[in-house]
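Descriptive analysis of the structure
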Amino acid sequence: MKNSIVEKIRNNILGGDIQKLMYDPNDTRTLFVNDFELLEQTHIKEYLAWYSSDGDEILNFYTSAVIQDFPSNPIYFRNCKNYFWAKNVTRKEANFKKVHSGLPKNIITTLVNNVGTFKINATLETVDVKSALENVLAKNDFASMVSQKQLPLTLVCGSGAYKIILDKDYKFPLVEFYTSENCYPIYKYNQLVGIIFVDMYKINDVVYYLYDTRFVKNGNSYIHYELYMQNKMDIKNNEATRVELGTIKELSSLQDLEITGYNKILGEYCCFFKENSKPKSIFAGVCDRFDELDQTLSIGGRSIKTSSPIEYYRKEALGRDSKGNPILPSEYDRNYVELNGAPNGDGTMSGQSVFSTQPVMNVQMYQDYMTFLTNLTLLGILSPATIGIDVSRKDNAQAQREKEKMTILMRNNIVEKEKVILHSLFTKVLDMLSYIVNGFIDNTKDFSKMFSVSYDDFYAPTFETKLSYLGSAYANNGISTKLYVNMLWGDKLTEKQKLEEIDYLENLKQQDSLEYNNFDSIANIEKNNEESNTPTKDIRAII
């Protein structure tokens, strides 16, 4: 139902019912796929289940998939039906304890942590623009939104999108992130022309879907709303009925919007990787390895449990309940009753009183296979050293970087695309801030050129290390004063403080008294930097 409405909206915007297929319908590779949309949705739900790092959530997904999703494409999913977690859905395997490794979430968390936090840079002339932008982002708690939603969920699901919200109750634009489950891009000739955002509501057992479409056409930007209702019968028939926005009181104030002369979508589509022009999850193609790792971990744990010592006792020593029935030993207290032996003439039993056994299990075999599977899973995503595998305490920084080349390459790839996404989004946020204050778009201001977005380098050198090699190079006229100050301090100093430092060093040069010891002055600058409190100008002052 949702997909049919999305296609209808897409066709209305693109102005026709003809849609370019993303695959060859006669290709043998797609011969056994019955429903492509449902196939993609199933994969996204699978990736989210693995990312949850919750064994119950994973088992719940495969329980539902075996009953509902896999039958829709029975031949395509024939391998998934044999997964360890899927097999545990059956009653025969239901009592087998499942253990999840947690590796999928560790991969995403490690990548997000290595990407780090973005920084907004501006010149002395545009510092007010930076202050205004940081003020809006702080009110949206945007840093947390990036690290906890956009980055991890875009990696897991393959795509997502930010939505810029204009609400009359707020004097600044709001920003919200949607996962790929609830946002759909609209392309024309491989160019993004719109994004459809879907919100769901439930009132008195009736489900409502709000389709919020942001698109550009003829040089203008538009927001268009459509509300659909699904009652129990509609859900059963996979249908929906369009209703007025006023059906839900809280949505009655929503109105379509046209911003003339503004050729930008009021949203930002996020995607790091693509395959055949479609978003690709970082988990694509590795779920079977996650499953194999969990299977090995679970069987290995059961083997260790099975190899625990067993104590055998005479059956007459076994405790009994109030009805005289023998009390069986617990699962972890491996005590058994000795059945062998015969009574002697004096009433005693022949044979040993108590004896113990412990089978020898090859547990190392499971450990080695788990290490192999972990390395195989990380192939092309992370270097094993990044998560603590193959790390030596004797490794210096250069040796450690060599071991983490894959992590560096992946991290740099994500960072470069993230910088483009954030720069475009922040430009639109500033545009909408101007629109809220003035009531129109001021095309004389190009906010995109007034700031930049950057990230720290992976394994960035410490301040002392930079001071050592940059100070030496500068003292020997290897780099300019401006470049030295920018490379050494980065964004730790304000633009005004950087100019003061440049003047100070230039004066030393002119006096021909520049020595390496002069760089001790940085301690005083650092102290002044901590004590300075530059006032932030009013947001409206920059418009």
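Everything numeric in this text was worked out from a predicted model, so none of it was measured.

1. Comments concerning the pairing of strand β6 (residues 206–217)
Where burial is concerned, most of β6 is hidden: 11 out of the 12 residues are buried. Examined bridge by bridge, strand β5 (residues 191–203) and β6 share 10 bridges and lie antiparallel to one another. Across the sheet, residue Gly-194 finds its bridge partner in β6, namely Phe-215. Where β5 folds back onto β6 in an antiparallel hairpin, the turn is made up of two residues, including Asn-204, whose phi is positive at roughly 55°. The turn linking β6 back onto strand β7 (residues 220–230) is made up of two residues, and Asn-218 within it adopts a positive phi angle of 55°.

2. Digging into the pairing of β7
Most of β7 sits inside the fold, with nine of its 11 residues counted as buried. Here 11 bridges tie β6 to β7, and the two strands are oriented antiparallel to one another. Residue pairing for β7: Val-207 is matched across the bridge by Gln-230. Across three bridges, β7 lies against strand β8 (residues 241–243) in antiparallel orientation. Opposite Tyr-228, over in β8, you have Arg-242 as the bridge partner.

3. Some remarks on the confidence of the model for the protein chain
Of the residues in the protein chain, 79% have a pLDDT of 70 or more, and the chain-wide mean is 82. Residue range residues 522–527 is modelled with pLDDT below 50. Its contacts to residues more than four positions away, or to other chains, number eight contacts.

4. Here we look at the side chain of Thr-42
Position of Thr-42 among the secondary structure elements: in helix α2 (residues 36–51). Leaving out residues up to four positions away in the same chain, Thr-42 has contacts with Phe-61, Asp-69, Phe-70 and Phe-77.

5. Notes on helix α7 (residues 142–157)
Of all the bends found along α7, the most pronounced is centred on Gln-150 and spans about 25°, while Pro-152, a proline, follows it within four residues. Gly-158 sits one or two positions beyond α7 and adopts a positive phi of about 100°.

6. Concerning unusual backbone geometry
Not every positive phi belongs to a glycine, and Asn-218 is a case in point at roughly 55°. Residue classification places Asn-218 among the exposed residues on the basis of a relative accessible area of 72%. Even without being a glycine, Asn-276 presents a positive backbone phi close to 55°. When you line up the elements, Asn-276 lands in the loop between β11 (274–275) and β12 (278–279). Owing to a relative accessible area of 54%, Asn-276 belongs among the exposed residues under this scheme.

7. Details of the side chain of Arg-411
Secondary-structure assignment places Arg-411 in helix α12 (residues 405–438). When near neighbours in sequence (up to four residues on either side) are disregarded, Arg-411 contacts Asn-114, Val-115, Tyr-455, Asp-456, Asp-457 and Phe-458.

Each value, and the rule that gives it
Residues numbered from 1 in each chain as written. Predicted model: local features only at pLDDT ≥ 70, side-chain atom pairs only at ≥ 80, totals over all residues. Heavy atoms only, no water. Buried < 20%, exposed > 50% of the residue type's maximum accessible area, 1.4 Å probe, protein only. Helix = DSSP H or I, 4+ residues; strand = E, 2+ residues; numbered from the N terminus. Pairing = 2+ DSSP bridges. pLDDT = per-residue confidence, 0-100. Contact = heavy atoms within 4.5 Å. Bend = angle between axes of the 7 residues up to and from the residue.

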